[in-house]
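Remarks on the overall topology
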Amino acid sequence: MNILELKECCMKFGGLTAVSELNVEIGSTDLVGMIGPNGAGKTTVFNMITGIYQPTSGSVVFDRQEINDFRPYEIVAAGIARTFQNIRLFPNLTVFENVQVSLNKSLKHGFSHSILQLKNFHKEEHSVRETIMEILTIFKLEGVKDELATSLPYGDQRRVEIVRAIATKPKLLLLDEPAAGMNPTEKVDLMRLIKSVKEQFNIAILLIEHDMKVVMGICERIFVLDYGVKIAEGTPGQIKNNPKVIEAYLGEVVS
Amino acid sequence: MKTYSSKLYLFVAILTSLLVSFFQDEINPYYFQIIIYIGINIILATSLNLINGFAGQFSLGHAGFMSLGAYTASLVSSTLHASSGNPVDILILPLALLLGGAVAALAGLLVGIPTLRLKGDYLAITTLGFGEIIRVVIQNLNFLGGARGFTGIPKLANFFWVFSVVSIVVFAISNLINSTYGKGFLAVRDDEIAAQAMGINTTKYKVIAFITGAFFAGIAGGLYAHFISYINPQQFSFIKSIEIVVMVIIGGMGSTVGVIIAAIVLTILPEALRGIAEYRMVIYSLMLVVIMISRPQGLFGKSFRLKELVAKFRRPPMSA
Amino acid sequence: MSELLQQIINGISLGSIYALIAIGYTMVYGVLRFINFAHGDVFMIGGFVGYYAAPHIMPLVGGSVILAGPIVLLLAMTVCSILGVTIEKLAYKPLRFRPKLTILITAIGISLFLEFGGQLLFGPDPKSFPTLIPSTTLIDSQNLILTTTPVIVIGTAIILIVLLRFIVQNTKMGTAMRAVSFNQQAASLMGININTVISFTFVLGSSLAAAGGILYGTLYPSINPLMGIFPGLKAFISAVLGGIGNIPGAALGGLIIGMTETFVTGYLSPTYRDAIAFGILILILLFKPSGILGRYEAEKV
């Protein structure tokens with residue numbers, strides 16, 4: 001069963017077509033990569049899926065439900081979480097609190113319970129804390145839980161962003177250039193992390209990545225975007241040898 | 001265990017307010033007035049801190065909400081007090097305050113929904129505008145006394161009422177901010193787009209911050225009116241809003257303790273400078289500029305948290 | 001009909017003063033992206049420079065109206081330029097890379113400082129502004145009374161705005177200003193000295209505000225240290241209405257706000273005068289936040 005389907009999705013900004021007639025299908029436990037040169041429209045696709053933009057035409061179907069006009073927070077509630085190309089952690093919050101924000105959406109108690117500390121408030125707060133500690137322990141971040149998230153080393157910040165996304169309990173995780181700015185060792189760790197996330201939480205992952213080692217190394221399937229058009233799709237092996245892809249990346253082959 | 005203690009603190013604080021109020025006539029009236037103003041300013045500053053410091057929405061309209069509460073409460077109590085002499089008199093003030101808060105909260109909702117798409121300075125100037133519109137409208141309402149002001153408000157507010165409300169506001173806002181639910185405000189402040197991407201309904205949070213802040217500002221207005229027994233629209237001009245903002249900024253946005261200290265200091269300071277009254281506002285404004293340039297996080301910083309301070313005292317630093 | 005015409009003249013006079021102040025807001029916003037809250041108080045200082053200078057200038061030029069007026073105007077513009085640049089260097093420059101909120105609060109602090117410093121220095125009571133141009137009646141018919149005052153006010157404003165337009169569009173400095181407001185980083189990489197451009201912006205903005213102060217004093221011959229607050233806010237609203245960062249927009253916005261205010265005062269109730277501009281602000285921000293001539297900038301994700 002497909003968890004996400006983009007059907008003929010277009011995104012136009014004034015006269016500029018950023019994405020045109022894109023069709024994508026992602027199965028419920030797929031690990032798919034999206035690649036393409038700078039400005040190919042990859043982040044726009046993410047923004048379309050996560051409700052920051054509404055597709056000009058076409059439809060985004062998630063979990064058999066059209067989510068075109070869902071607001072970003074409703075899309076999270078439906079089960080899509082994301083990370084950002086330029087890390088967007090909450091700078092004044094600790095690692096713990098950054099993750100705590102993600103659990104907000106599934107709280108049973110609300111404003112009045114929190115302000116008056118009515119019955120079950122403490123019980124639920126306690127279970128939230130346990131959940132956060134559990135997740136932080138899985139990702140080996142329990143030691144830095146009280147540090148400001150933005151004071152961590154770069155690689156760890158990316159990790160916290162992934163953890164924060166996972167904490168919303170998504171069915172589909174979107175990673176926007178997770179390896180950007182990482183050194184080779186961190187990249188190897190990251191690949192291991194992404195694989196383990198997929199297996200441990202049994203979710204689908206769609207990632208944008210420029211680092212071919214990472215993409216080819218972990219993705220089961222890859223599709224290539226150029227000028228907003230999908231020019232190729234297939235296994236890493238097929239993509240590597242696709243002349244269209246090579247042309248998109250290197251320009252016309254000069255003999 | 002910690003969980004029950006916060007309610008205990010509240011109870012003790014209210015009880016203390018009650019006990020002190022029995023002796024309030026013993027206090028020098030001038031000092032007493034300053035103490036009451038301190039209380040009212042703490043309510044105003046901590047409630048604005050929820051909007052500005054915690055939810056990150058820069059509002060310059062707090063005096064507007066305060067005036068709505070002041071006028072509504074005065075209208076309620078003046079109407080009810082006319083037929084006074086029965087034992088339910090004690091309920092007049094709380095009823096008036098609650099209604100004042102409710103009207104202010106309603107205004108917070110009406111102001112909040114349309115303006116919260118705006119950011120930073122735009123929001124500041126728009127809320128300032130709303131505050132001024134409220135003031136001008138009141139000025140034109142004859143049944144509220146218009147520009148002449150509203151007189152003869154029963155003097156019902158005493159130490160007990162003011163400081164019970166102070167305790168409740170501090171209790172409520174601290175609880176809110178320390179809860180998982182309340183972390184949503186901080187997320188909205190720190191990064192709106194990331195907050196949405198983590199499932200936070202940012203608009204709802206902003207509106208809730210506005211409504212809650214406005215509610216308490218309204219109550220503060222009601223207390224103020226029932227303490228000085230005369231109000232006029234000029235008392236609630238945007239200069240008053242700026243005064244409250246300055247308390248929040250100097251206290252360190254997002255630090256409840258810092259903001260309370262700032263509210264105390266900035267209420268006393270003008271009184272202390274009364275001897276050089278004409279220089280007072282000049283010194284005050286220069287101080288604001290100097291603090292912004294040298295210590296923009298406020299005198300007490302946003303990381304100034306009582307918990308950490310207490311922890312520091314309790315646990316001597318580990319030796320290496 | 002006659003009253004309508006009279007109101008239109010009043011509206012344009014007031015509007016042209018708002019336009020002069022609004023241009024300063026819009027230019028500073030264009031270059032530095034913040035609301036210079038103290039701008040309205042620079043306008044007030046301009047008025048007071050005129051108030052104190054006029055009695056000294058008059059005898060110097062032998063009471064010649066043709067000379068005295070422009071000299072007082074230029075003097076006020078010079079003093080306020082220096083003031084504007086000083087404020088920028090001392091208060092805003094150290095905060096250039098800090099959060100906008102910090103700068104806004106600082107600007108509010110400067111604004112309060114000028115207002116209360118002004119009360120201390122000039123005294124809090126309103127002062128009657130000296131007559132720079134003796135008002136003579138140009139038209140006195142049954143339908144309309146037109147004196148020289150509004151004509152001079154509107155005329156001066158038009159000359160200054162045209163001059164400014166020329167500076168911004170046709171000089172090297174003006175081009176640099178536009179470049180900085182378009183993209184500060186790129187401009188600085190192209191070798192434009194950002195600090196000079198910012199100072200220049202404050203010179204232009206502050207001198208227009210000073211001119212506004214003199215014209216305001218001429219039109220409503222009474223000035224006081226708090227007189228900058230509301231014209232300042234309304235001029236800011238004019239700038240937003242026209243599209244912040246857009247100079248012709250600021251002039252247009254000033255005219256619209258000045259007209260609306262005059263009409264509300266004349267036909268509805270003078271007590272609503274100070275609220276109407278805010279009403280317009282809220283409407284414009286709700287329905288077209290980029291303003292009449294502005295362009296919309298979305299946040300990049």
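Residues numbered from 1 in each chain as written. Chains lettered and ligands numbered in written order. Predicted model: local features only at pLDDT ≥ 70, side-chain atom pairs only at ≥ 80, totals over all residues.

Now for the overall build of chain A. For chain A, the count of helices and strands is 10 helices and 10 strands. When contacts within chain A are restricted to residue pairs at least 6 apart in sequence, long-range pairs at least 24 apart make up 66% of them. (Helix = DSSP H or I, 4+ residues; strand = E, 2+ residues; numbered from the N terminus. Contact = placed C-beta atoms within 7 Å.)

The phi torsion at A:Asn202 lies on the positive side, around 55°, for a residue other than glycine. Non-glycine residue C:Arg33 carries a positive phi angle of around 60°. Residue placement: C:Arg33 occurs in the loop between α1 (2-32) and α2 (39-60).

What follows concerns the interface of chain B and chain A. Taken together, the 27 residues of chain B in the interface contact 31 residues of chain A. Secondary structure elements with two or more residues in the side of chain B that touches chain A: α1 (2-22), α6 (159-178), α7 (183-190) and α8 (192-197) of chain B. Of the residues belonging to the side of chain B that touches chain A, the class tally is 12 nonpolar, 10 polar and five charged. (Nonpolar A, V, L, I, M, F, W, Y, C, P; charged D, E, K, R; others polar.)

Another point: the environment of C:Asp140. Relative to the elements of secondary structure, C:Asp140 occurs in strand β1 (residues 137-140). The sequence separation of C:Asp140 and C:Tyr25 amounts to 115 residues, and the corresponding C-alpha distance is 38 Å.

Turning to the sheet that holds strand β4 (residues 57-62) of chain A, a few remarks are in order. Residue and element names in this part refer to chain A. Ordered in space as β2-β1-β4-β5, the four strands form an open sheet in which the pairing is antiparallel. Lying at the two open borders of the sheet, with one neighbouring strand each, are β2 (16-27) and β5 (65-66). In terms of strand pairing, strand β1 (residues 2-13) meets β4 through five bridges, oriented antiparallel. What sits directly across from Cys-10, in β4, is Ser-57. Each of β1, β2 and β4 touches helix α1 (residues 42-49); the most contacted strand, β2, lies at about 65° to it. (Pairing = 2+ DSSP bridges. Axes fitted to C-alpha atoms, helices over the stretch in contact; angles between N-to-C directions.)

Bringing helix α2 (residues 29-54) of chain B into the picture now. All names here are of chain B. With 26 residues, α2 should cover 38 Å at 1.5 Å per step; its first-to-last C-alpha distance of 36 Å lies within 8% of that length. Within α2, the axis deviates most sharply at Leu-48, by approximately 35°. One or two steps after α2, the chain reaches Gly-56, where phi turns positive at roughly 70°. (Expected span 1.5 Å × (residues − 1). Bend = angle between axes of the 7 residues up to and from the residue.)

As a further point, take the sheet that holds strand β8 (residues 204-208) of chain A. Residue and element names in this part refer to chain A. The six strands are arranged β6-β7-β8-β3-β9-β10 in an open sheet whose pairing can be described as mixed. Looking at strand neighbours, the two that pair on one side only are β6 (80-82) and β10 (229-234), the edges of this open sheet. Within the sheet, the average angular offset between the axes of one strand and its neighbour, ignoring direction, is 20°. Bridging between strand β7 (residues 172-176) and β8 involves five bridges; their strand directions are parallel. Looking at the pairing, Leu-172 lines up with Ala-204 of β8. Across the face of the sheet, helix α10 (residues 243-250) comes into contact with β9 (221-226) and β10 while running at roughly 130° to β10.

Further remarks concern the interface of chain C and chain B. Facing the 32 residues of chain C at the interface are 29 residues of chain B. Looking at the side of chain C that touches chain B, the elements that each hand over two or more residues are α4 (100-122) and α11 (273-287) of chain C. By residue class, the composition of the side of chain C that touches chain B is 23 nonpolar, six polar and three charged.

Moving on, we get to the pairing of β10(A). Taken together, the five bridges between β9(A) and β10(A) define a ladder with antiparallel strand orientation. Along β10(A), the bridge assignment pairs A:Phe223 with A:Glu233.

The next point concerns the packing of helix α10 (residues 238-251) of chain B against helix α11 (residues 256-272) of chain B. Residues and elements named next belong to chain B. For the pair α10 and α11, the least separation of the axes is 7 Å and the interaxial angle reads 125°. As judged from the angle between their axes, α10 and α11 are oblique. The two elements α10 and α11 meet at a crossing, and its hand is right-handed. Across from Val-246, Met-247, Val-248, Ile-250 and Gly-251 in α10, the residues of α11 making contact are Gly-258, Val-259, Ile-261, Ala-262, Ala-263 and Leu-266. Of the residues that constitute the contact of α10 with α11, the class distribution is nine nonpolar, two polar and no charged. (Parallel < 35°, antiparallel > 145°, perpendicular 65-115°, else oblique. Left-handed = near helix turned anticlockwise from the far one by under 90°.)

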